[in-house]
Amino acid sequence: MLRRAFVLILLIPTLSWSGVPGKSAMTATDLRCEYGRSPLGIDATHPRFGWILQSRTDEHGQRQSAYRILVASSVALLAQNSGDLWDSREKLTSDQNNIPYLGSRLKSGQVCFWKVKVWDGQRRASPWSVPAHWEMGLLRASDWKALWLNDGKSNPTSDQDFYKEDPAPLFRKEFRVGKAIKRARLYITGLGFYEASLNGERVGDHMLDPGWTKFDTRVLYSTYDVTQLLTKGANCLGITLGNGWYNSLPMRMWGNLNLREHLATGRPRFISQLRIQYWDGSAETVISNTTWRVGNGPILRNNIYLGEVYDARKAQSGWNKAGFGDTKWRSPGIATSKIGSLVAQAQPPIRITSSWNPVTVTQPSPGVFIYDMGVNFAGLVRLRLSPPRGTRMVVRYGELLHADGTLNPMTSVAGQIKTPGIGGPGAPDIAWQSDTFIAKGGEETYTPRFTFHGFRYAEITGLPKSLPLSGVTALRLNADVDTVGSFACSNPMLNQIHAMCRRTFLSNIFSVQSDCPHRERMGYGGDISATSEAFLDNFDMSTFYAKSIQDWADSARPDGMFTDTAPSTGIQYCGVCWAMAHPTLITHLYRYFGNRQILEEQYGAAKRWLLLVEKQNPGGLIQEGLSDHESLVSAPAPEMVSPMYYRSAQMLADMAHRLLRTKDEEYFVQLGQRIRRAYVAKFFDATTGKVGPGTQASQAFNLYTEIIPAQSRARALQYLREDIRRHGGHLTTGILGTKFLLEVLSREGHADEAYNIVTQPDFPGWGWMLKNGATTLWEHWELSDNTFSHNHPMFGSVSQWMMEWLGGIQAGERATGFDRIQIHPQVVEGLNWVNSNYRSIRGQIVSNWSRRGRQLTFEIETPLNTQAHVTLPGVRILENGRPLSGVQGVTSVSKAGKSVNFNLASGHYLFRVSL
C-alpha cells in the first residue's frame, strides 16, 4: 500500500503550475540526449533528455522543483520559444535525467532543436538553457533503399586457403551534384570493418567501425555529416572493406576453437545511403547498388589477430576521386546471406585518442630495430619511411624483451598457438602479431587499417637502416569514452598503480570490454563482474555498457542461458560468475545513470537466466563453474560460486522491486533465502568463522555478499584478517576475491590493512608488477614471459577501491542515477592527502582530504538535486569554523564510535577535524 502511495506521489508532479516571480541562480547546462551531446543519427523514437544543474557553490541544498522542455523543428522557432514538436509545459518534478520525449512522431533524418528551463526550490525560474540538438537516423528497415554489396567472390572452401592473399576490396561510385547543398548525411556500415571517403577525403574519424555485435542479430551503422566534403559537379564515394570479426580465419584458438564455427561469417560487405538535401527543398539519395564498381586494393591480407600485409605498389592513386578510370573494375556482388537488423551505433566509436613517439630504439642484431613505446597499450604504429621500391618491411609486436634485448612476442600470441600444427591447416606455427609493408618507392606513410595490436615494443626488420624516433608514432586506440573520475594522493606508488589501471582499461574497450587486447580480445563476463565499477568510476560507460548488456541478451542460448563471452565465441564453461555480468551491468546503469529503460527491456532476459540456473541447481548450491580465476590458492566452485548465485538472486529481487513486480520480488527473496540456508548449513563454521576452505577469497566472497548470518560476520572477518597476517600482509586472491577483499576490509573499518596489501612492494601485488617494469596490469600475479597477458584488467578493481574508499565517493546503495551519494573517505596511515572527484550524471562530486599534524581537512562538493550521507573520522567537526549544528545543509548528525555521520545537502563544504 505504501509503495502504491509513493507511486501516486511521483505522478503528481506532472501537473502544471506557474511558479513565482524572481530569477533563479540555478541554470541547466551540459544538455544531453540519449546520454550524448547533440548526437547524430539516433534511432530512439522517444529520446531521453538530461542536464546538469549549476548554481553558486556557496548555496547549499538547492534543488530543482520543476522543468520545462521545448523541442522545435528549427533554431528560429526555438528562439521564439515555440516548441512545435513538443512543449512539455512546466513539470513539478526534480527529475533531470532520462526524461522521455513525448512530442510529435519523429521521422527518419529529422533534426530537432531543444532547450530547457528549470525552477529552483524557491520556485524561481532560470533563463532558458543554451540550445542543443539531435538528429534521427533511419528508423525503419524500409528507409534503407540501399543494397548490401560485396566483391562478388566466394570464400575459400579449404581452411588453408583462407591464409592466401585475398585483397581487401575497393568500391567506388561517381555521381553529380548540380545545386547548392543544405545538408548531406551518409548512413553506412560494413562487415567486418569499413572505411569511407568522399572525393578522396576520409569520412569521419572512427576506427574499426562498426562495433562488434552478434551480426546475425544486429549490425550497427553510423551517421556522418558530409556536407562539407561534397562539391558542385562530379563527386566520388569510396569504400574499403576489412575482414574484422565477420570474415575471421579458421585458426584453432588453443588448438580447438574455430571462430568461424561460432560467429556469423561471410565475404566482407557494406551498405551505404547518402542523403543530399538542397536549399531549394529538393533531395536525392545515392545508394549502394549494382551501378557501383569494385576493384582490388593494396591490403593483401588482414586479420584482427595476425595483422595485415600491405603492398603499396598495388595502390591505385585517385581511385576514390571523380574522373578515375575504372573500366577494368567489375560490378559488385549483392550480399544475400542473412544478417541482423540495422541499428544505430550508440556507444562511443573507436578513435585514435593519443599519439607519441618511441622513447628509444635499439639494434639487438644486424637489421633488427626495436622501438620501445615507453608503455604497454593497444593500438597501431604509423611509419614515415622512404625505402627502395619492393622493400619488404615486417613489424612484429610484443609486450616484453628477452634478456638479450630481442623481442619476446609470446605473451601476446593469439590463442596460445605456439607450436606447428596446433592452429589448424594453413595457420602460422606461432600466431604472433605482425604487419608487413611492401614499399612502392619514395616517401611513404604507412598505418595498418583493419587490425589492432597490444604491445609496448615494435620490432622492425627489412629496412636498410633504422627509422628515426620521429618516423615512428604510437597510436593509442580505444572506444572514445569521456574521463569522468580522477584520483591522486601523496603516495607515488598508488598514483602509478592507478595510472596502470587506467591504461589497461583503455586498452580493453574496443566495442567490447575485453580480457586482453591481443591474445583473446573477447568480452568475458568475469572481467566485467570484477571491474565494471572501476571502469564506471573512471569513464562514462553509460552507452558502452548498455551495448554490452544487449550483447549478452543477443548471445543467450535458445533456452535463455547466458554465455561466458558476448558476443558469444562458443566458450561455455565459466558459469554464474561470468554470466552474471548481464544483471550486474543493469544494476550499475541504474545506480550510476538512472537507466530504467534498460532495466525494463532486459529484466525478462535476466529473470529467464536465473530461473534456469535455479532449475539446474535444485539443491540451492552451484556445483560447477569458474570462481576466483587466477587465485593463488584453491577456489572450489560450490563454496565460491554459490555466494555469487545468492548475489544474483539479490539483484533480481531488487530489479523486481524497482519494477513493482511484487510476486517476482518475493520469489527471488525466497530463492536467496534457500541458497543461504543451504550454503550456511554446508560450508559455514559458526564457531571459528571459517567459510568453505577458509581462504581469503572464500571469506571475502561471503562477507561481501552477506550470505552468512549477521551475528557471525565478526568471526568470519577475524578469520580473514588472521589469514592475511599468516601471509605476511599479502593477498592470495584472484579476479573477484581481490575486489571483495579490499572492499570488505574497508567497509568493516580496516582500510589500513587494505592499504597495506595494496602497497606491498613484493610478490604478489601491484607493487611487484611495478618493480618488474609493468605499465599495465598482468593477468597473473607472477611474472610470465610466455603464457600470461601483461595487459589484463581483472586486477584493476584496486582503482575502484582507491576512488570509493580512499577518496570515499560512492553511489548510494539505493541510488537512482547518483541521486544518493555516500562520502566515506578512509584516512589511513601512510597517506597525507587524497584528491578525488567524479563527474556524475548530475554533476561534479569532490572528496579531497589532507592532514597536517593532528588536524584533518575535508573538502566536499556535491551536485544540486542530490543528498549525500557523509562519514568522517573524529568526534568534533567544524565547517568553516562553525559546529555542524549551525551549518545550512547538514542534518541528522550522529556519532558512531570514533566517527560522525550526517546527511549533506548539495553545495561546497570545508570541514576540519582535530584528532
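Bear in mind that the values here come from a model prediction, so they are computed numbers and not experimental data. (Residues numbered from 1 in each chain as written. Predicted model: local features only at pLDDT ≥ 70, side-chain atom pairs only at ≥ 80, totals over all residues. Heavy atoms only, no water.)

A. A look at the overall build of the protein. Scanning the protein from terminus to terminus reveals 16 helices and 44 strands. Along the longest, intermediate and shortest principal axes, the C-alpha atoms of the protein span 85 × 70 × 55 Å. For the protein, the residues scored as buried account for 61% of the 915 residues in total. In the structure as shown, the protein presents an accessible area of about 34100 Å², 50% of it carried by carbon and sulfur atoms. (Helix = DSSP H or I, 4+ residues; strand = E, 2+ residues; numbered from the N terminus. Buried < 20%, exposed > 50% of the residue type's maximum accessible area, 1.4 Å probe, protein only. Areas by Shrake-Rupley, 256 points an atom, 1.4 Å probe, with all protein chains shown as cover.)

B. View of helix H7 (residues 581-593). Over its 13 residues, H7 extends 17 Å from the first C-alpha to the last, a length consistent with the 18 Å expected when each residue adds 1.5 Å. Along H7, 13 of the 13 residues are buried, which leaves the element largely enclosed by surrounding structure. Looking one or two residues past H7, Gly 594 carries a phi angle of roughly 65°, positive in sign. (Expected span 1.5 Å × (residues − 1).)

C. The packing of aromatic side chains, seen in detail. Going through the model one piece at a time under the given rule, you end up with 38 aromatic pairs. Both rings, one in Tyr 592 and one in Phe 818, keep their centres 5.4 Å apart while their planes meet at 80°; by these two values the pair is edge-to-face. Highlighted residues: Tyr 592 in helix H7 and Phe 818 in the loop between strand E36 (809-811) and strand E37 (820-823), separated in sequence by 226 residues. Grouping residues by exposure puts Tyr 592 and Phe 818 together as buried. Between Tyr 667 and Phe 668, the ring centres sit 5.7 Å apart and the planes meet at 90°, which makes this aromatic pair edge-to-face. Judged by relative accessible area, Tyr 667 falls into the partly exposed class, the value being 32%. (Phe/Tyr/Trp six-rings, centres within 6.5 Å; stacked < 30°, edge-to-face > 60°.)

D. Structural view of the packing of helix H3 (residues 492-507) against helix H16 (residues 797-806). Two elements in contact, H3 and H16, have axes separated by 9 Å at closest approach and are oriented at 125°. The pairing of H3 with H16 is recorded here as oblique in orientation. Remark: the crossing between H3 and H16 carries left-handed chirality. Note on element contacts: H16 touches H3 through Val 798, Ser 799, Met 802 and Leu 806, opposite Leu 494, Ile 497, His 498, Cys 501 and Phe 505. Partitioning the contact of H3 with H16 into residue classes produces seven nonpolar, two polar and no charged. (Axes fitted to C-alpha atoms, helices over the stretch in contact; angles between N-to-C directions. Parallel < 35°, antiparallel > 145°, perpendicular 65-115°, else oblique. Left-handed = near helix turned anticlockwise from the far one by under 90°. Contact = heavy atoms within 4.5 Å. Nonpolar A, V, L, I, M, F, W, Y, C, P; charged D, E, K, R; others polar.)

E. Structural context of the sheet that holds strand E4 (residues 66-72). In spatial order, the strands read E2-E8-E7-E4-E5; together these five strands make up an open sheet with mixed pairing. Sheet topology places strand E2 (40-42) and strand E5 (86-87) at the edges, where each strand pairs with a single neighbour. Direction of pairing for E2 relative to strand E8 (residues 132-136): parallel, over a ladder of two bridges. The residue of E8 that forms the bridge with Leu 40 is Glu 135. (Pairing = 2+ DSSP bridges.)

F. Inspection of H16 at higher detail. Within H16, ten of the ten residues are buried, which leaves the element mostly enclosed by the surrounding structure. For H16, every residue scored as buried is listed here: Ser 797, Val 798, Ser 799, Gln 800, Trp 801, Met 802, Met 803, Glu 804, Trp 805 and Leu 806. The positive-phi residue at the C-terminal boundary of H16 is Gly 808, with phi of around 90°.

G. Region of interest: the confidence of the model for the protein. On average, the protein scores 95 in pLDDT, and the residues at 70 or more come to 97%. pLDDT under 50 marks residues 1-20. Its contacts with residues more than four places away, or in other chains, come to 27 contacts. (pLDDT = per-residue confidence, 0-100.)

H. How the structure looks around the nonpolar core. Counting 213 residues, the largest nonpolar core has Met 251, Leu 383, Ile 497, Trp 766, Trp 801 and Phe 911 as its most contacted members. Looking at this core, the element that brings in the most residues is helix H9 (residues 637-658), giving twelve residues. Not counting residues within four places of it along the chain, the set of residues in contact with Ile 497 comprises Val 758, Trp 766, Leu 770, Val 798 and Met 802. Counting residues in each nonpolar core, the second largest holds 25 residues, with Phe 171, Val 203, Val 286 and Trp 292 among its members. (Core = buried A, V, L, I, M, F, W, Y, C linked by side-chain atoms within 4.5 Å.)

I. Quick look at the environment of Glu 174. When you line up the elements, Glu 174 lands in strand E10 (residues 169-177). Spatially, the C-alpha atom of Glu 174 lies 9.9 Å from that of Leu 198, the residues being 24 residues apart in sequence. The contacts of Glu 174, once residues within four sequence positions are left out, are Asn 235, Cys 236, Lys 321, Ala 322, Gly 323 and Phe 324. Within the local environment of Glu 174, its side chain forms a polar contact with the side chain of Arg 172, the two groups lying 3.0 Å apart. (Polar contact = N/O pair within 3.5 Å; in protein donor to acceptor, adjacent residues only side chain to side chain.)

J. Fine view of the side chain of Thr 227. Summarising the element assignment, Thr 227 is placed in the loop between strand E14 (218-225) and strand E15 (233-242). Of the polar contacts made by the side chain of Thr 227, one reaches the side chain of Asp 225; its length is 2.7 Å. If near-sequence neighbours (up to four positions away) are discounted, Thr 227 is found in contact with Ile 181, Lys 182, Arg 183, Ala 184 and Arg 185.

K. Structural detail: the environment of Glu 743. With respect to the secondary-structure elements, Glu 743 resides in helix H13 (residues 737-747). On a C-alpha basis, the gap between Glu 743 and Ser 797 in space is 9.6 Å, while along the polypeptide they are 54 residues apart.

L. Just the packing of H13 against helix H14 (residues 751-758), in detail. Closest axis-to-axis distance for the H13/H14 pair is 7 Å, and the angle between their directions is 150°. Relative to H14, the element H13 lies roughly antiparallel. Contacts between H13 and H14 pair Leu 741, Leu 742, Leu 745 and Ser 746 from the former with Ala 751, Glu 753, Ala 754, Ile 757 and Val 758 from the latter. Along the lines of polarity and charge, the residues of the contact of H13 with H14 split into seven nonpolar, one polar and one charged.

M. Molecular detail of the pattern of salt bridges. The final tally for this structure, using the stated rule, is 44 salt bridges. With its nearest N and O atoms 3.1 Å apart, the salt bridge here joins Asp 480 to Arg 351. Of this pair, Asp 480 sits in the loop between strand E34 (472-479) and strand E35 (485-489) while Arg 351 sits in strand E25 (residues 350-356), and the two are 129 residues apart along the sequence. Among the residues examined, Asp 480 registers a relative accessible area of 28% and is labelled partly exposed. One network of salt bridges, in which partners are shared, links Asp 30, Arg 32, Arg 37, Asp 482 and Asp 540. (Salt bridge = Lys/Arg side-chain N within 4 Å of Asp/Glu carboxyl O.)

N. Just a nonpolar patch on the surface, in detail. Taken together, the side chains of Leu 632, Val 633 and Phe 763 make up a nonpolar region of the molecular surface, amounting to roughly 200 Å² of accessible area. Tracing the backbone through its elements, the reader meets Leu 632 in the loop between helix H8 (596-616) and H9. (Patch = residues over 30% accessible without salt bridge, like charges linked within 9 Å, V, L, I, M, F, W, Y side chains within 5 Å.)

O. Just the environment of Gly 796, in detail. The residue Gly 796 is located in the loop between helix H15 (766-771) and H16 in this model. For the pair Gly 796 and Phe 818, spaced 22 residues apart in sequence, the C-alpha to C-alpha distance is 22 Å. Among residues more than four places away in sequence, those in contact with Gly 796 are Cys 501, Phe 505, Thr 531, Ala 534 and Leu 777.

P. Looking closely at the sheet that holds strand E6 (residues 99-100). Spatially, E1-E3-E6 is the arrangement adopted by the three strands of the open sheet, whose pairing is antiparallel. Of all strands in the sheet, those with a lone pairing partner are strand E1 (27-33) and E6, marking the two edges. Bridging between strand E3 (residues 48-54) and E6 involves two bridges; their strand directions are antiparallel. In the strand pairing of E6, Arg 48 is matched with Pro 100.

Q. Broad picture of unusual backbone geometry. A cis amide bond links Leu 191 with the next residue in sequence, Gly 192, at an omega value of -10°. Mapped onto the fold, Gly 192 is located in the loop between strand E11 (181-191) and strand E12 (193-198). At the junction of Asp 209 and Pro 210, the peptide bond is cis and its omega measures out at 0° in the coordinates. Take Pro 210: it is sitting in the loop between strand E13 (201-202) and E14. Although it is not a glycine, Glu 34 sits at a positive phi angle of roughly 50°. Tracing the backbone shows Glu 34 in the loop between E1 and E2. Given the relative accessible area of 17%, Glu 34 is considered buried.

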